[in-house]
Amino acid sequence: MGLFKRRKQQEEGSSQERLTVGQALRKERFKQGKAGVEDVTEQLTEYCVQYEEATENRLQAEHEYEAVMSYLADIQKIDDLGAEQRSEAEALAGNIIRLNEERMRFQDKEDQSISPARFLQMERYEQEVEASLKTLKEQEQYRELINRDVRNLEGEKGAILYEKEEAEIRIRFFRKLSIALVLMVCAVFIVLMYLMQKFGVVLMIPILVTGTLAMAMAAYIITSVRKLRRELAVAEAKMNRAIQLLNKVKIKLVACVNAIDYVYEKYGVSSHRELEYLWEQYYKVKVKRAEYRKNTELLERYNAALTECLQRLGLKDAEVWVYQPEAIVDAREMVEVRHHVNERRRKVKERVEAAVKGYELAHKELKEFTLTYPQFATDMQMILDKRGIIL
């Protein structure tokens, strides 16, 4: 017989085990005709709750049915628009469709080349990035120049060290040569003196020749050693100068590297090219977001304009059409909308009919219960009044 008879069957059947002890005892007293005022008021309260739920269900269904009928009426009003009115509505709807399509393209092609955290970081330093980028590029170029100077000075230092070592080797050679020459000359003189004494011959010419050659060799060795010592002194001076220059250049290199590392750490990059790429991606995303915001502003403006236009034309739920502007400009879309709403109207009508039947049954059961126990009429009327129920 309906919702509430099914409830009774459930209470008598499979749901019976969910009754509390008090409810079970009360039910038994009703069967035996021994129900008191407390039993009646408690049972009446349950019927009131049942009636209130049925009333609310009916009101919701009727409200939904009214909304669907209003929707159908709006569809008919759009179909009945005159040429000028339709032209205005279609122009506004067309702009909304175009902006929605642009919006979808923005969303589909959203640039993921820069993370949100990176974007916020670049946005924070936006006013400084270009200057930092220029400075970083100059510092990196300066670092390369300094590194090249360091390599040149290291090479020069190595060459000077080689010259110095060569000079020292030659000096040691001439030192050994001079010792050998002295020993050789002494040996020659001893041999000549021995021959003069033993054979009584005069060997002045060999002695003079030997002495002359010895002095010539000694002069050559002394001159060469002096020259090498001068070269050694020059090499030492060059070495000291190279070391001083190298130290100065290394100090500049440390300062330059510290400045570069600070910028690297600040922006989380490892080169000016990476920072340049990051800045380009940030700017692209920023431009796209600005275009998206502009699209949003225009869309909101056209949505409001279409709503105002349709309200002026007498539509009750004009806001609905900003979400389906295609139906305004395309008759086939409107046919689909009408079909969907008619199907919805049929289902809502069935719900209304079921809700009305449920309400009538709940009203009937409540009224019959109040008439069944006239001796408790005063107590039951107090409960009805308190809950605002009029039978």
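That block above? That's the structure.
Since this is a predicted model, take the numbers as computed values, not measurements.

Scoring rules and cut-offs
- Residues numbered from 1 in each chain as written.
- Predicted model: local features only at pLDDT ≥ 70, side-chain atom pairs only at ≥ 80, totals over all residues.
- Heavy atoms only, no water.
- Helix = DSSP H or I, 4+ residues; strand = E, 2+ residues; numbered from the N terminus.
- Contact = heavy atoms within 4.5 Å.
- Patch = residues over 30% accessible without salt bridge, like charges linked within 9 Å, V, L, I, M, F, W, Y side chains within 5 Å.
- Areas by Shrake-Rupley, 256 points an atom, 1.4 Å probe, with all protein chains shown as cover.
- Salt bridge = Lys/Arg side-chain N within 4 Å of Asp/Glu carboxyl O.
- Lys, Arg positive; Asp, Glu negative; His and termini not counted.
- Charge placed at Lys NZ, Arg CZ, Asp CG, Glu CD.
- Buried < 20%, exposed > 50% of the residue type's maximum accessible area, 1.4 Å probe, protein only.
- Phe/Tyr/Trp six-rings, centres within 6.5 Å; stacked < 30°, edge-to-face > 60°.
- Lys NZ or Arg CZ within 6 Å of the ring centre and 35° of its normal.
- Core = buried A, V, L, I, M, F, W, Y, C linked by side-chain atoms within 4.5 Å.

(A) The arrangement of the side chain of Arg 58 in detail. Secondary-structure assignment places Arg 58 in helix α3 (residues 37–79). When sequence neighbours within four positions are dropped, the list of residues in contact with Arg 58 reads Ala 355, Val 356 and Tyr 359.

(B) Structural view of a positive patch on the surface. Taken together, the side chains of Arg 170, Arg 226, Lys 227 and Arg 230 define a basic patch exposed on the protein surface. The biggest single contributor to the positive patch is helix α7 (residues 204–267), with 3 residues. As for its placement among the helices and strands, Arg 226 is situated in helix α7. Using a relative accessible area of 56% as the deciding quantity, one classes Arg 226 as exposed.

(C) Fine view of the packing of aromatic side chains. Applying the stated criterion across every chain, the model contains 9 aromatic pairs. Ring centres of Tyr 47 and Phe 369 lie 5.1 Å apart, and the angle between their planes is 40°; this geometry places the pair in the tilted category. Taken together, the positions of Tyr 47 in helix α3 and Phe 369 in helix α10 (residues 331–372) put the pair 322 residues apart, joining distant regions of the chain. Judged by its relative accessible area of 8%, Phe 369 falls in the buried class. Seen in terms of ring centroids, Phe 369 and Tyr 373 are 5.3 Å apart; in terms of plane orientation they differ by 55°. Their pairing is tilted. Neither residue differs from the other here; Phe 369 and Tyr 373 are each classed as buried. We note Arg 58 situated over the ring of Tyr 359; from NZ or CZ to the ring centre the distance is 4.3 Å. The cationic tip of Arg 289 hangs over the ring face of Phe 119; the distance from NZ or CZ to the ring centre is 4.0 Å.

(D) Main features of the pattern of salt bridges. Scanning the model with the defined rule gives 14 salt bridges in all. Here Glu 102 and Arg 98 are joined by a salt bridge, their closest N and O atoms 3.3 Å apart. Taken together, the residues Glu 102 and Arg 98, both in helix α4 (residues 83–108) and 4 residues apart, mark about one turn of the helix. In this structure Glu 102 comes out as partly exposed when scored by relative accessible area, which is 23%. With a relative accessible area of 37%, Arg 98 lands in the partly exposed category. If you follow the salt bridges from partner to partner, you end up with Glu 88, Glu 308 and Arg 312 in one network.

(E) Molecular detail of the nonpolar core. The biggest cluster of nonpolar side chains holds 29 residues, and the ones touching the most others in it are Ile 75, Leu 310 and Trp 321. For this core, the elements supplying multiple residues, two or more each, are α3, α4, α8 (272–312), α9 (326–329) and α10. What Leu 310 contacts, discounting residues up to four positions off in sequence, is Leu 315, Ala 318, Trp 321 and Ile 328. Val 129, Leu 253, Ile 260 and Val 269 belong to the second-largest nonpolar core, a separate cluster that totals 24 residues.

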